[in-house]
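A look at the structure
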Amino acid sequence: MSEPQPPCTLLGILDDGWAGLSDAARDRLGTADVVIGAGRTLALVRPHLRDGVAVHDMGGALGKVPGWIEAARAQGLSTAVLATGDPLCHGIAAFLMGKLGREAVDIVPAPTTLQLAFARFKRPWQDYRITSCHGVDAGEWHAWAPGVTPEHGLYKLVRAVAEHPRVAAFTSPENGPDRIARALLAAGYGDDVRLSIAAHLAQADEALFADLPLASAAAQRFPDPNVVLIERSGTERRAIFGFEDADFVQRQPEKGLITKLEARAVSLAKLGLRADSMVWDIGAGSGSVGLEASRLACAGHVWAIEKNPHDAANARANARHLKVTNYTLLEGKAPTGLDAWPDPDAVFIGGSGGELAQLITLILARLKPDGRLVMNFVTFENLATATATLAAADAPWEVVQLQASRSQPILDMHRLAAQNPIWIVTARKNTENV
């Protein structure tokens with residue numbers, strides 16, 4: 001029977017180095033046969049390592065770390081991996097446990113740099129949403145032309161600010177506080193947001209910058225490494241959805257290209273959106289359906305396409321007004337460009353540009369299981385094309401005919417003014433043979 005392999009110690013450490021470690025952490029590190037860490041962190045502890053210890057610099061070599069650990073464990077050697085702060089808070093722990101298994105790792109955490117920042121600024125931190133932009137450099141944030149996708153390095157942070165009045169973030173040299181401030185300005189925030197930056201924490205030259213306006217933070221550089229606290233004052237008084245038609249910039253003169261509130265509400269209900277839904281809006285017009293969908297799918301994303309440049313400009317203006325940041329608008333004619341979008345959970349067609357049958361076939365092929373396709377029609381011909389195409393694809397469908405009237409003043413009284421009837425078609429992919 002083989003001897004059990006010793007676990008790897010994943011050891012949290014801050015920039016005060018050996019002095020900030022607990023006795024238990026010092027004992028683990030001082031008796032380790034193999035020590036792994038980034039160069040800057042290794043420099044903090046090298047004088048305290050015993051003679052003969054093997055040292056691996058994981059800077060730029062994160063993918064090699066599991067192999068180094070497995071090789072050491074196979075030889076019965078004790079291993080310590082150095083990580084900043086608490087390795088379980090946006091740190092290396094999840095990566096290593098995913099590669100080696102939880103039983104292979106012991107975790108000895110230190111306080112996170114965010115915890116130190118909360119202490120320095122005297123902010124209770126239980127109400128903060130913690131996130132990170134310590135990832136790939138994706139450049140500056142360009143909010144609505146055509147819109148930033150979830151792959152951008154600042155996407156999670158900007159979305160966190162949209163959903164939470166208090167956000168704390170780990171930064172990176174590329175995605176520093178100045179770029180974060182510029183991103184929030186581009187997303188439509190202003191004097192209602194303040195940044196507090198803590199830099200060089202636990203070092204002799206520790207620096208604090210409290211309650212900076214976005215414009216001020218955007219124009220200066222800060223010592224690295226740093227973390228940032230983002231606080232948004234006031235409360236969101238806007239409804240999640242159900243906006244008045246007049247709230248949207250739309251094509252003039254009157255009777256702009258917009259799905260009316262009543263049809264919009266039913267269509268959004270038929271889309272069956274979840275918080276994390278991936279949504280397509282084809283023929284976006286003024287953007288009303290897609291933008292309200294983005295608020296319902298607050299942890300998801302909406303990809304929209306509009307062929308008319310003036311309507312696309314209106315949709316972008318509406319996105320800016322609503323501070324919608326999980327929305328990408330492509331200016332063009334579907335289906336061009338749809339192949340670059342991720343498979344959707346829900347699709348809305350408000351306009352097809354004469355490609356209706358082709359679009360339905362494409363969407364049914366791309367819809368995720370249990371996904372929904374919702375279409376609005378005002379003409380018999382498009383309704384007939386849609387139902388015939390769905391029937392040929394053996395896709396279950398239903399039609400709701402919606403006729404709404406709104407009150408309208410007449411002299412000192414009121415009457416009902418009828419809107420045009422609309423057919424709302426809802427379809428699902430037939431997954432029996434998938």
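Parameters at a glance
- Residues numbered from 1 in each chain as written.
- Predicted model: local features only at pLDDT ≥ 70, side-chain atom pairs only at ≥ 80, totals over all residues.
- Heavy atoms only, no water.
- UniProt positions renumbered as here; feature names shortened; annotations may be inferred.
- Buried < 20%, exposed > 50% of the residue type's maximum accessible area, 1.4 Å probe, protein only.
- Helix = DSSP H or I, 4+ residues; strand = E, 2+ residues; numbered from the N terminus.
- Contact = heavy atoms within 4.5 Å.
- Pairing = 2+ DSSP bridges.
- Axes fitted to C-alpha atoms, helices over the stretch in contact; angles between N-to-C directions.
- Domains from an automatic or database assignment.
- Buried area = accessible area lost by both parts, 1.4 Å probe.
- Salt bridge = Lys/Arg side-chain N within 4 Å of Asp/Glu carboxyl O.
- Polar contact = N/O pair within 3.5 Å; in protein donor to acceptor, adjacent residues only side chain to side chain.
- 1 Å grid on protein atoms, 1.4 Å probe; cavity = no way out; pocket = protein on both sides within 12 Å on 5 of 7 lines; lining within 4 Å.
- Points joined across faces, edges and corners; volume = space filled by probe spheres on them.
- Nonpolar A, V, L, I, M, F, W, Y, C, P; charged D, E, K, R; others polar.
- Parallel < 35°, antiparallel > 145°, perpendicular 65-115°, else oblique.
- Left-handed = near helix turned anticlockwise from the far one by under 90°.
- Phe/Tyr/Trp six-rings, centres within 6.5 Å; stacked < 30°, edge-to-face > 60°.
- Lys NZ or Arg CZ within 6 Å of the ring centre and 35° of its normal.

If you look the chain up in an unreviewed UniProt entry, it shows as Precorrin-6Y C5,15-methyltransferase from Rugosibacter aromaticivorans. Regarding the chain, the relevant UniProt record gives this comment under Pathway (unreviewed entry): "Cofactor biosynthesis; adenosylcobalamin biosynthesis."

So, on to helix 10 (residues 288–296). A large share of helix 10 lies buried, amounting to eight of its nine residues. If you check which residues of helix 10 are buried, you get Ser288, Val289, Gly290, Leu291, Glu292, Ala293, Ser294 and Arg295. Looking at the buried side of helix 10, the elements it contacts are helix 9 (261–271), strand 11 (278–282), strand 12 (301–306), helix 11 (309–322), strand 13 (327–331) and strand 14 (346–349).

The next thing to look at is the sheet that holds strand 13. Taken together, the seven strands give an open sheet; going across it, the order is 13-12-11-14-15-19-16, and neighbouring strands pair in mixed fashion. Either end of the sheet is taken by a strand with one partner, and the two such strands are strand 13 and strand 16 (397–402). Adjacent strand axes in the sheet meet at a mean angle of 15 degrees, parallel and antiparallel pairs treated alike.

With domains assigned, the chain is organised as domain 1 (8–111), domain 2 (115–232) and domain 3 (261–429). Across the contact, 17 residues belong to domain 2 and 14 residues belong to domain 3. In total, domain 2 and domain 3 occlude about 1200 Å² of area from one another, counting both sides; carbon and sulfur atoms represent 56% of this. When the buried area of domain 2 at its contact with domain 3 is split by residue, Trp144, Pro146 and Arg159 rank highest and sum to 48% of it. At the junction of domain 2 and domain 3, the tally comes to zero salt bridges. Seen at the junction of domain 2 and domain 3, the total is five residue pairs in polar contact (both at pLDDT 80 or more).

By the alternation rule, side chains of strand 2 (residues 34–37) split into Val34 and Ile36 and Val35 and Gly37, which are all buried. Inspection of the sheet shows strand 2 paired to strand 3 (residues 54–57) by four bridges, in the parallel sense. Across the sheet, Val35 pairs through a bridge with Val55, a residue of strand 3. Where strand 2 lies against strand 4 (residues 79–84), three bridges are found, and the strand directions are parallel.

A complete count under the given rule lists three cavities of 30 Å³ or more for this structure. Looking at the largest cavity, its volume works out to about 40 Å³. The wall of the largest cavity is formed by Ser172, Pro173, Gly176, Pro177, Asp178, Arg221, Phe222, Asp224 and Asn226. Of the residues in the lining of the largest cavity, the class split is three nonpolar, three polar and three charged.

Our focus in this paragraph is the side chain of Arg366. Following the sequence through the fold, Arg366 ends up in helix 12 (residues 356–366). Engagement of the side chain of Arg366 in a polar contact is seen with the side chain of Asp343, the distance being 2.5 Å.

The N-to-C vectors of helix 3 (residues 65–74) and helix 4 (residues 93–100) enclose an angle of 55 degrees; their axes lie 10 Å apart at closest approach. Classified by the angle their axes make, helix 3 and helix 4 are oblique. Helix 4 is crossed by helix 3, and the crossing has right-handed handedness. Contacts from Val65, Pro66, Ile69 and Glu70 in helix 3 reach Phe95, Leu96, Lys99 and Leu100 in helix 4. Residues belonging to the contact of helix 3 with helix 4 are distributed by class as follows: six nonpolar, no polar and two charged.

What the rule picks out here adds up to seven aromatic pairs. Here Phe209 and Phe222 contribute two aromatic rings whose centre-to-centre distance is 5.0 Å and whose plane-to-plane angle is 80 degrees, an arrangement assigned as edge-to-face. Of this pair, Phe209 sits in strand 9 (residues 207–213) while Phe222 is found in the loop between helix 8 (214–218) and strand 10 (226–232), placing the two residues 13 residues apart along the sequence. Its relative accessible area of 9% is what places Phe222 among the buried residues. Following the ring pairs from residue to residue traces out a cluster consisting of Phe118, Trp125 and Tyr128. Here the guanidinium or amino end of Lys323 rests over the ring plane of Tyr189, the centre of that ring lying 5.9 Å away.

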